Amino acid sequence: MQTLQYFVAEAGILVLALGLLLYSAFVPNTCRKTVTWLSIGVLGALLTWTLVSMLPATLLFNDLFIVDSHAIFSKAFLIAAALACVVLAYEYERFLTRNYVEFISFILFALLGMVLLVSSQEFMTLFVSLELVTVSFYVLVAYSRQNSKSLEAGIKYLIVGALCSAFLVYGIALYFGATGSTLLSAGAYLNPAPTLLVLSAAFLLVGFGFKIACVPFHVWAPDTYEGAPTPVTAFLAVASKAAGFFVLFRVIWSSFDSVFGQLIPLILVLASITMVYGNLAAISQTNVKRLLSYSGIGHSGFLMLALIGLGTERWETVPFPLYFYLTSYLCATFTAFLVLIVISKVTHSGNISDFNGLAKRAPFLSFAMLLALMSLAGIPPLAGFFGKFLVIGDIVDLTSAGLLSNADFNINHLPTIGGTHMGTALGWITIVAAVFSTIAGLYYYLGIVKAMYFGKPEHPDKISCSTLTTLCLAILLAGTLFLGLFQSKFHHFAKHAASPHVSQTPR
Amino acid sequence: MNLLTLTLCLPLVGAICIGLFPLKGREAYWAALTASILMLLCTLRIAWIFQDALPEGDSLFRLVEFYPWFPDLNLSYKVGIDGISLTLLILTSIVTVAAVGVSAHVEESPRTFFAGLLLISAGAFGAFISLDLMLLYIFHELALIPTFLLIGFWGSSTYRERVATKLTIYLTAGSLLLLIGLLAFYFLLPPNIRTFDMEALRLSLSAPNAPTGLILRSHELWVYPLILFGFGILISLFPFHTWAPQGYANAPTAVAMLHAGVLKKFGLYGIIRVSQVFLPFGAMSYWMDVLAVLLLCNIIYVGYVAMAEKDMNYMLGFSSVSHMGYIFLGIISHTLIGISGAIFLMFAHGLTASLGFAISGYVYRKTGTRDMTQLGGLAKSMPFMAVLFGMVAFASAGLPGFGNFAAEILIFFGAWDKHRVVTIIALWGVVISSVYMLRAFRNVFLGDLKPTQDPASVITMSYIERLPYLLLISVLVIIGFCPSLLLNLIKPGVEQWFVLIGK
């Protein structure tokens, strides 16, 4: 029973998901309102428990499972995302031709997979959790079976998901070959690290690259995002991506600490291309979901930059920008998707033209959308600005200190990769790319703002939204505006996330 | 909370109240006017107590207030003023009152309009009192989105949305350059003096046996242009100026007034506060020559462009871009009187430019056109505006009796020693600006009324309506006759802030 307290979130989600599934199977006329409020209540309680329980860092189940402050923060983040997603699903409910309760329970299964994923300390556990996430998403993405776009999205996600799993398994196999163990901490003890480990890191990066939709593994994202039901799109865009980054952080930090320095040039190049591509491709989009998906690709590039520090001696600065950026992204993205759902109830098309004259039809919704978009664009004093600021600030710090080209701190590095000046030069190129893509980003975000405030409304009627939506929007907006005030909380988690963690002290 | 923070809160609270409460009709206008007048009164009060509020300890600033805000980023809310900032605060408050004052006619969604105006003003005010580099940056960005919305929605032409987007993208590009420059500067500082606090940076620059620069000279050479052009885009420095005339021509009158009068000055303020002092080697290097060439382009080339313009707002916009050249000349003179003149001209030009746009907006509202070939003889129907515009024309041309003259004289005297050729060429700019301003005056106000216009009835203007214009012109004349009123504020500030001059 002692171990159960580390397991409350997972157990709670599992019970809720199974309960809802059974409820929908045995009760013919399910009450959607009850289900929604029940899920919100349970998830809210679990979120509170996760944040306040203050458990010491521990390894469980023969080192397969870890509860440390990184895992706790990740869980809180993912549960919060699922909470917002339930609100979105409730708003979206009339588009769901099939069982609403089943839809919610699949979201919960995906969430369960994610919270297990961020706590995995062993590659098999990690892989199984990841498959739970992916399989739940296969169902969710293709949930509107009658809609051909949703089916197309489902097929694309399925094929790419399978490919991604293949890469992951290959990477794990190589890892096992290099270390003789599937424990995440096994890689850290290898000194010097063999080339096989570098190869394994590269394969795993490709695998997770699909999850976080970085170029060139992004091709599935726009079509899937567009076709999937909007709550699923939001959940994919925020929670799935965040889970990818959380687990990447853990894997790099625990297993590939010794070899990640050599991959920095690669990551810098990929991140630059991802930022520029995502933001340029978003400019020509007319569908809001596609636009947000391309912009999400751009944000992935920024988040990859946040991980760079792990390969240098400034590793302790990494988690804070990562957490902050992701949280600001969560607030802004869910706001945007929630507004989109409310509006598409009236307009049905999902194009930017839907937003024409929104300021007159729904002043609160358009104000919320304005703040969300400006936060995504990185305009101070909104949360998105501080996220970008932290990330770019760290890169400028690393580059100007020459740390990107100096690989001496690595226990074992390949002298051929990363010459003396190459890392620094790449660092500056990346900074230029970040600036350029931020400007490009502002252009298309302003396009939506333009439609909302300067466009002519197609109908004069007001658009109203439910109390639950208003409340959810208010909370998300408060996050966008005042996230900076809570940074000590972030800092608390971040400090312990990058402290020498339990896995590195052999038991 | 001291008087500075209180004054900063006035427009912010005003904007929030106007946004929240369902005010109808003219109520939003009166609310905004009240907030801005209160802001002006508070600013005057600050000026009143400025001499007595002596700096504490070895601080360079008065009325300092400090709260940590974002400790991980070393970000703090630190505000305070010296003579330089006080001058610009007075400018901000005066132009805000005038800009709100001339906007009584705004009928469409007045609440958003006035809330936006107050936000722009708050951004400028906050930027001028910030003593923290990042705070300064954030305040300057605060004005960006309201500007975009105001130009795009209330702007005067059909392609205002495109212009609004162009302006916003230009300014964001500038501020990102600036952000990178500031970050690079910050991280290149030696760890023991690494801070965003401008006062601390300035003190470590003048500390006994301090190094000649804060960061390595080779680094200064590339950080300097980042910061220079970052601010430069906002100031409409030559190759990056095209957003400005378009933006001003299509903006609603009040926004053009605030932007040309105040926000642009923020860029110059940044250059004076940051790049010229913290990067002394970069400022004295070949970048000074580059800047000299660019500022001549501003004065001469853009001046000729202004001459060719037929649209009154475009002409005023180009003229305002052109005048930035003189201020740059004052800044790169690196002499006490040159820099003081630059700051003086920032003040005087702020008043002149906003008055010009106010008159042009008024003429456009009454006649429906700004095409100077379509206008004529307006002195008969709007004598008050004719007199005012005549004064603006003379002020822009640098005639004695207006603040601009005093400022330009100071700049030319200051720059003569170091930049003789540049000064001589720049003097020609005075001729150019008198040509286009006087020509505009002749075309629009003198001669006979054009047949296309309404019959020559005198358009009556109540005294209340005239007040905003009178406020601007009277301050301009007062400082023209009594430049020492301002110079006594500016000079000690410059002496104290610029290390090289102080030593």
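What you are looking at is a predicted structure, and each value in this text was computed from that prediction instead of being measured. (Residues numbered from 1 in each chain as written. Chains lettered and ligands numbered in written order. Predicted model: local features only at pLDDT ≥ 70, side-chain atom pairs only at ≥ 80, totals over all residues. Heavy atoms only, no water.)

Draft legend 1. Quick look at the overall build of chain B. What chain B contains, in helices and strands, is 22 helices and two strands. Taken against the 2.2 N^0.38 rule, which gives 23 Å for 503 residues, the C-alpha radius of gyration of chain B at 22 Å falls within 12% of a compact globule. Across its three principal directions, the C-alpha atoms of chain B cover 75 × 55 × 45 Å. Per-residue burial for chain B yields a buried fraction of 65% across its 503 residues. (Helix = DSSP H or I, 4+ residues; strand = E, 2+ residues; numbered from the N terminus. Rg over C-alpha atoms; globule rule 2.2 N^0.38 Å. Buried < 20%, exposed > 50% of the residue type's maximum accessible area, 1.4 Å probe, protein only.)

Draft legend 2. Representation of the pattern of salt bridges within the structure. If you walk through the whole model with that rule in mind, you get 13 salt bridges over all chains. A salt bridge links B:Asp311 to B:Arg370; its shortest N-O distance comes to 3.3 Å. Residue B:Asp311 is located in the loop between helix H13 (286-308) and helix H14 (312-332), and its partner B:Arg370 is located in the loop between helix H15 (336-367) and helix H16 (378-381); the two are separated by 59 residues in the primary sequence. In the salt-bridge network here, residues are joined through shared partners; they are A:Lys149, A:Glu152, A:Lys156, A:Asp223, A:Glu226 and A:Arg290. (Salt bridge = Lys/Arg side-chain N within 4 Å of Asp/Glu carboxyl O.)

Draft legend 3. Main features of unusual backbone geometry. A cis amide bond links A:Val215 to the next residue, A:Pro216, at an omega of 5°. In this structure, A:Pro216 sits in the loop between helix H7 (195-212) and helix H8 (220-227). A positive phi angle, near 55°, is found at A:Ala213, a position not held by glycine. Along the chain, A:Ala213 turns up in the loop between H7 and H8. For A:Ala213, a relative accessible area of 1% translates into the label buried. With a phi close to 60°, B:Ser236 is a non-glycine residue in the positive phi region. Within the secondary structure, B:Ser236 sits in the loop between helix H9 (217-235) and helix H10 (243-250).

Draft legend 4. Molecular detail of a nonpolar patch on the surface. Nonpolar side chains collect at one region of the surface, where A:Leu280, A:Ile283, A:Phe436 and A:Tyr443 lie side by side and expose about 350 Å² of accessible area between them. Elements supplying a minimum of two residues to the nonpolar patch: helix H10 (260-283) and helix H16 (422-454) of chain A. (Patch = residues over 30% accessible without salt bridge, like charges linked within 9 Å, V, L, I, M, F, W, Y side chains within 5 Å. Areas by Shrake-Rupley, 256 points an atom, 1.4 Å probe, with all protein chains shown as cover.)

Draft legend 5. Here's a closer look at the state of the cysteines. Residues and elements named next belong to chain A. A complete count under the given rule lists zero disulfides over all chains for this structure. Residue Cys465 stays outside any disulfide, its sulfur separated by 10 Å from that of Cys472, the closest cysteine. Cys465 sits in the partly exposed class, given a relative accessible area of 26%. (Disulfide = S-S within 2.5 Å.)

Draft legend 6. Here's a closer look at the side chain of A:Gln285. Residue and element names in this part refer to chain A. For Gln285, the location among the structural elements is in the loop between H10 and helix H11 (288-307). According to the relative accessible area criterion, Gln285 is buried, its value standing at 14%. Leaving out residues up to four positions away in the same chain, Gln285 has contacts with Arg290, Leu291, Tyr294 and Ile352. (Contact = heavy atoms within 4.5 Å.)

Draft legend 7. Representation of the interface of chain B and chain A in the model. In this assembly, 33 residues from chain B lie in contact with 33 residues from chain A. Summed over both partners, the interface of chain B with chain A buries about 3,100 Å², with 84% contributed by carbon and sulfur atoms. Linking chain B with chain A are zero salt bridges, by the criterion used here. Across the chain B-chain A interface, the total number found is one residue pair in polar contact (both at pLDDT 80 or more). Taken together, the elements giving at least two residues each to the side of chain B that touches chain A come down to strand S1 (62-70), helix H5 (133-142), helix H6 (144-154) and helix H7 (160-188) of chain B. The leading source of residues in the side of chain B that touches chain A is H7(B), at 13 residues. For the side of chain B that touches chain A, the residue count by class is 25 nonpolar, four polar and four charged. (Buried area = accessible area lost by both parts, 1.4 Å probe. Polar contact = N/O pair within 3.5 Å; in protein donor to acceptor, adjacent residues only side chain to side chain. Nonpolar A, V, L, I, M, F, W, Y, C, P; charged D, E, K, R; others polar.)

Draft legend 8. View of the pairing of strand S2 (residues 75-81) of chain B. Residue and element names in this part refer to chain B. The buried count for S2 comes to seven of seven residues, which makes it a mostly enclosed element. Of the two faces of S2, the one carrying Leu75, Tyr77, Val79 and Ile81 and the one carrying Ser76, Lys78 and Gly80 are both buried. Direction of pairing for S1 relative to S2: antiparallel, over a ladder of six bridges. Looking at S2, one finds that Tyr67 is bridged to Tyr77. (Pairing = 2+ DSSP bridges.)

Draft legend 9. Expanded view of helix H3 (residues 69-92) of chain A. For H3(A), which comprises 24 residues, the first-to-last C-alpha distance of 34 Å matches the rise-based estimate of 34 Å (1.5 Å per residue) to within 8%. Of all 24 residues in H3(A), 23 are buried, a share of seventy percent or more. (Expected span 1.5 Å × (residues − 1).)

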